[in-house]
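Coordinate inspection notes
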Amino acid sequence: MSKKPISFKDHSRKRHMEKLYKSKPRRQAREWDDLVDYWRYFLRNPAQVAGQGPWTDRMLWSNAIVAGILAAVRVLVFGGIHVMFMLSAVINTLFMAFLFYYALTWVVVWVLNRTEPGRRTYAVDTVRVQAIVYSGWIVILTLLSWVPVPGLVYLGALVLVVFGVRAVRQLYGVTWPRAVSSVLAGSLTMLIVIMILNHLAAI
């Protein structure tokens, strides 16, 4: 009984079909993917209120790292190569992001809960997502520090506070006075902590 002759054409077609339908390997997420996604959303509306979106903690810390690098480069450009000053600029920026994400948001919710006339309680996670949404402003404020215009950084910070008041009012459905008092309390707490630490560092 003779064997069926091997058809090289059939073998070639089979390999082609296997290659065509072979599942492609899934693209592995890169470290900067979240940062790219963040700025894609942020640039559309820098004043947006948190809602449906890809907001993750990594976005905030990526923005903090970018801002820290920009702060270090600013030291390099305007003051020369001072490794300790550059490292201090990065650490200060990361700590500012830490205060922005944890201290400011905690104080905001604490004030809202303390001024609540009923039995409603407010979750801190809601405003922390908003902090991630506004974390791009840390980078913007760092860039504004490069511009030799007195008070420009403070003006940018004031704009962020106004956006924060609007966001707190919409997210929690509170009155304007409560939104203003909570955000101002959180901002002042953050500012006082930074001033105390800067004073201790200067001693």
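Everything in this summary refers to the structure shown in the same document. What you are looking at is a predicted structure, and each value in this text was computed from that prediction instead of being measured.

1. Digging into helix H6 (residues 136-144)
- Buried residues of H6: Gly136, Trp137, Ile138, Val139, Leu141 and Thr142, and no others.
- Looking at the buried positions of H6, the neighbouring elements they touch are helix H2 (33-42), helix H3 (57-79), helix H4 (83-114), helix H5 (124-133) and helix H7 (152-172).

2. Digging into the side chain of Ser135
- Assignment of secondary structure puts Ser135 in the loop between H5 and H6.
- Among the residues examined, Ser135 registers a relative accessible area of 0% and is labelled buried.
- For Ser135, the side chain forms a polar contact with the side chain of Asn63, separated by 2.9 Å.
- With residues up to four places along the chain from it excluded, the contact list for Ser135 reads Tyr38, Met59, Leu60, Asn63 and Phe100.

3. Some remarks on H2
- Of all the residues in H2, the buried ones are Asp33, Asp34, Leu35, Tyr38 and Phe42.
- Next to the buried residues of H2 lie H3, H5 and H6.

4. Overview of the environment of Leu104
- Locating Leu104 in the fold gives a position in helix H4.
- A sequence separation of 83 residues divides Leu104 from Ser187, and the C-alpha atoms of the two residues are 6.2 Å apart.
- With near-sequence residues (within four places) excluded, Leu104 lies in contact with Leu99, Gly186, Ser187 and Met190.

5. Comments concerning the pattern of salt bridges
- Per the counting criterion, the structure on display carries three salt bridges.
- Its salt-bridge partner being Asp37, residue Arg40 comes within 2.7 Å of it at the nearest N-O pair. Taken together, the residues span about one helical turn, with Arg40 and Asp37 both in helix H2 at a distance of three residues.
- Glu116 is the salt-bridge partner of Arg178, the closest N and O atoms lying 3.3 Å from each other. Taken together, the residues span a long stretch of sequence, with Arg178 in helix H8 (residues 176-202) and Glu116 in the loop between H4 and H5 at a distance of 62 residues. Across the pair, Glu116 and Arg178 agree in class, each one buried.

Conventions we followed
Residues numbered from 1 in each chain as written. Predicted model: local features only at pLDDT ≥ 70, side-chain atom pairs only at ≥ 80, totals over all residues. Heavy atoms only, no water. Buried < 20%, exposed > 50% of the residue type's maximum accessible area, 1.4 Å probe, protein only. Helix = DSSP H or I, 4+ residues; strand = E, 2+ residues; numbered from the N terminus. Contact = heavy atoms within 4.5 Å. Polar contact = N/O pair within 3.5 Å; in protein donor to acceptor, adjacent residues only side chain to side chain. Salt bridge = Lys/Arg side-chain N within 4 Å of Asp/Glu carboxyl O.

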